[in-house]
Structure formats: structure tokens, C-alpha cells
Amino acid sequence: LHRMLYWSYALLFAQFLTASVYGESIVISGSGTYTCSTTETCVIECNEEDSNWDIIVDCGNSQNCLFDCTQWSCFKSGTLNAQNSHNLTVISRDWECVKSASFNVPDYGSAFFKAMDGGQYSGYSHFRNLIVNAGIDTQSIEIDCSNSGEDGCRDIEIYAQTAQFLKITVGASSELGDGGKSWKN
């Protein structure tokens, strides 16, 4: 299962690099609602510094939904709905990219969250206060905090009652909260 998920995400990342061939690409440029209309791969890029607040993204019926945050606080307190997608991949490349953001992961599908270097302030506080809500019979939720830096996964909330599989990878400098308060269910 782990090898299959690894190759699934590797393929999805390769598709992300060539989104124009596989589906639709959306760039977040401030507050508002953004909706994917493709049934293939939808790539959402959040690359506007501090464009947080009142952002709602809907992956629609896309097979694969990839959210790539490259600027600090770009999707802070935003909401992403991926219930009708099969796969969701969230990449955070900068400081507080998705702080306090809420992700509603695929019904019957999988979600993968990864902190990566690449932003101006990368290596610090990638997924702080992240909220992840499992969908109906979600197959898997994986959160990789191994590169999330100080405060990286602090105070995350994961509601995974309906998920078949949950995996969290923590790095040496990652924090999961004050005495385990990050775990809600």
C-alpha cells in the first residue's frame, strides 16, 4: 500500500509539472472562490504573498487535485473542498502557507500533505493549526511533517474517524502541540 501511494503521488507531482497537458491550472490572486472545472488534474497555485482570508477553493470533480502554496500566508485560514476528487495533494513551500486552513479531503479517495523547501521563509511553521476533515470512507490521509521546521505541525486538528488509514511523519524539529493537544480524534 505504501509503495502504491508513493508512486501515485510521484505520478501526480509529475502531472503537476505539466498541468497544461493533463487538465486545468488555477492561480489564486486574492480573496474569492475558485472552482476547478476539469475532470482530470486540477493544479491550484497560491503564489501571492499574504493573500489570505476569505479564500475558498473547490476541486470540483477533478480526478487529481494538487494545491501548491509557494508564498508565506498565501492560504492562511482558507478552505479547500476536495470531497469529489479522487486524490488531493497539498504542498506547502513557505512559512505559514496554510496556517489555520481547513481541508475537506476526498470521499473514497486519498490525501497527502507535504512540507517542502522553496519559499522565502521555508523550513518554518508549514502546517501550523492545519485542519483536516476526512470524507466519506476516505482511503488514506498522510501528513509529512518531516521538513516542516519549528512549529511545523503544531496544533493540527485531524478528524479522521471515517478514514481507513492515517499516517503522520514527524521531523526532528517538528512540534505536534502542547502535550498532545494537536490530536482531536
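See the structure shown above.
Residues numbered from 1 in each chain as written. Predicted model: local features only at pLDDT ≥ 70, side-chain atom pairs only at ≥ 80, totals over all residues. Heavy atoms only, no water.

A. Up close: the pattern of salt bridges. Inspection of every chain in the model, using the stated rule, returns 2 salt bridges. Aspartate 68 is the salt-bridge partner of arginine 93, the closest N and O atoms lying 2.7 Å from each other. Here the residue arginine 93 occupies a position in the loop between strand 7 (87–92) and strand 8 (102–104), and aspartate 68 occupies one in strand 5 (residues 64–69), the gap between them amounting to 25 residues. For the pair arginine 93 and aspartate 68, a shared accessibility class is recorded, and that class is buried. Between aspartate 144 and lysine 114 there is a salt bridge, with its nearest N and O atoms 3.0 Å apart. Placement of the pair is aspartate 144 in strand 11 (residues 140–145) and lysine 114 in strand 9 (residues 110–115), with a sequence separation of 30 residues. (Salt bridge = Lys/Arg side-chain N within 4 Å of Asp/Glu carboxyl O. Helix = DSSP H or I, 4+ residues; strand = E, 2+ residues; numbered from the N terminus. Buried < 20%, exposed > 50% of the residue type's maximum accessible area, 1.4 Å probe, protein only.)

B. Highlighting the pairing of strand 5. Strand 5 sits mainly inside the fold: 6 of its 6 residues count as buried. Because side chains alternate across strand 5, one face comprises the buried residues Asn64, Leu66 and Asp68, and the other comprises Cys65, Phe67 and Cys69, equally buried. Bridging between strand 3 (residues 41–46) and strand 5 involves 6 bridges; their strand directions are parallel. Paired with cysteine 46 across the strands is cysteine 69, a residue of strand 5. One ladder, built from 6 bridges, connects strand 5 with strand 7; its direction is parallel. Among the inter-strand pairings, cysteine 69 is bridged to a residue of strand 7, identified as serine 92. (Pairing = 2+ DSSP bridges.)

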